[in-house]
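Breakdown of the fold
Each chain is listed here by its residues.
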Amino acid sequence: MQLLRSGNRVLGTVAKGNYLHKAPAWLGMKHGLFNNQSTKVLSLQCSVRHVRTACEHSNLEIPLKQQDKASLDFLRDKKIVPHSDPPSSKDVDLLHQFIDHSRQLMVLTGAGISTEAGIPDYRSPNGAYSTGFKPITHQEFVRSSRSRKRYWARSYAGWRRFTAAQPGATHTALASLEKVGRINFMVTQNVDRLHHRAGSDPLELHGTVYTVICLKCGFSFSRSLFQDQVKALNPKWALAIESLESGTPGSDKSFGMQQRPDGDIEIDEKFWLEDFHIPNCQHCDGLLKPDVVFFGDNIPKDRADKAMEAARGCDALLVLGSSLMTMSAFRLVRAASEAGATVAIVNIGKTRADDIVPLKVNARCGEILPRLLDMGCLAIPATVQ
């Protein structure tokens, strides 16, 4: 049997039984993991906090929880989550070994785990780019009042639906692994705070839409307060959003708003151009923007340095649901690899780092991460209190 990377590249050969005779570098013989003894030598540091004490491989297909499967089926039908075959037991075994051998595991997450929670992404085959949508750039936001109005009108209108998204199976599994000490450091490219709602506290590489910041004085405050300020300035918009939920989409009563298939809100230009007002900073009257790194902007240096330090200091880096097309994310993977860490990727489709990583699993993160919680030393309750 061949261990495949990206469906084509050979990583090693598995003989009969559960013994790896020719293994990838990250499964090196220096650990004494793959000799001709029982595979129970994989037991490294099984904590009493783990449910099981014997670490063993299992090739059984462990089913997803019914609610997780139903959620993924729904999102697949809506074409929010790209098509992918379910992960094989071989994929699960390889990822289990990868995590189990690490003592300083860093995790980097991307939009792929948010799409499984119902939040559309940019780059997947069904993402916003495929429909011709182009995200606003930092430069466009700063220099154009028209662009700011368009951005805030759409964002204000879509906020309630955006915040209705719930953490998915991947968020929950990562929070469980984190709480029992199997994850040393987590970085996310996502701005949706779903990790936090699942119980994690990752470094938010690109910031978060849950905070609004003044570009002039740097004052920051909660997005919910900003929503209240927008509502006070635009009372008719609150009624229009209610009409979007219960009235006739696209009518004047709803300000021409229509819900797009990808979850975005489309608004007739005449309404946001003429009838929408944006609050300014209450401290200095400066421009307000979400505290996220727009395209064309730079990640704050202290945040970038912290992420880079973690990448260079980890012994393994697991990428989940990211194509790594943004340099800020790819740079972390490259730095970890160059520092000697092993790298694995779980993502649907091509990534920027496919040529430099030894393990790539083409699958939905929510269909493989929960299964790891039922294996050997990683066996822990699905949700750790």
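Placed above this text is the structure.
In this text the structure is predicted, and so the values were computed from the model without any measurement. (Residues numbered from 1 in each chain as written. Predicted model: local features only at pLDDT ≥ 70, side-chain atom pairs only at ≥ 80, totals over all residues. Heavy atoms only, no water.)

With respect to the overall build of the protein
Scanning the protein for helices and strands turns up 13 helices and 14 strands. When burial is assessed residue by residue, the protein has 50% of its 385 residues classed as buried. By sequence separation, contacts in the protein at least 24 residues apart represent 69% of the contacts at least 6 residues apart. Counting every atom, the protein has about 18,200 Å² of accessible surface; 50% of that belongs to carbon and sulfur. (Helix = DSSP H or I, 4+ residues; strand = E, 2+ residues; numbered from the N terminus. Buried < 20%, exposed > 50% of the residue type's maximum accessible area, 1.4 Å probe, protein only. Contact = heavy atoms within 4.5 Å. Areas by Shrake-Rupley, 256 points an atom, 1.4 Å probe, with all protein chains shown as cover.)

Notes on the pairing of strand β7 (residues 207-214)
Taken across its 8 residues, β7 has 6 buried, putting it largely inside the fold. In the sheet, β7 pairs with strand β11 (residues 288-292) via 5 bridges, with the strands oriented antiparallel. Residue pairing in the sheet places Ile 213 in a bridge with Lys 289 of β11. The pairing of β7 with strand β8 (residues 220-222) spans 3 bridges and is classified as antiparallel. Bridge assignment links Ile 213 to a residue of β8, and that residue is Ser 220. Two successive antiparallel strands, β7 and β8, enclose a turn made up of 5 residues, where Gly 218 displays a positive phi of approximately 85°. (Pairing = 2+ DSSP bridges.)

Examining the sheet that holds β11
Read from one edge of the open sheet, 3 strands run β8-β7-β11, paired in antiparallel fashion. Strands with a single pairing partner mark the edges of an open sheet, and in this sheet they are β8 and β11. Taking the axes of each pair of neighbouring strands and ignoring which way they run, one obtains an average angle of 45° across the sheet. With respect to the sheet, helix α8 (residues 223-233) is in contact with β7, β8 and β11, its orientation differing from that of β8 by roughly 80°. (Axes fitted to C-alpha atoms, helices over the stretch in contact; angles between N-to-C directions.)

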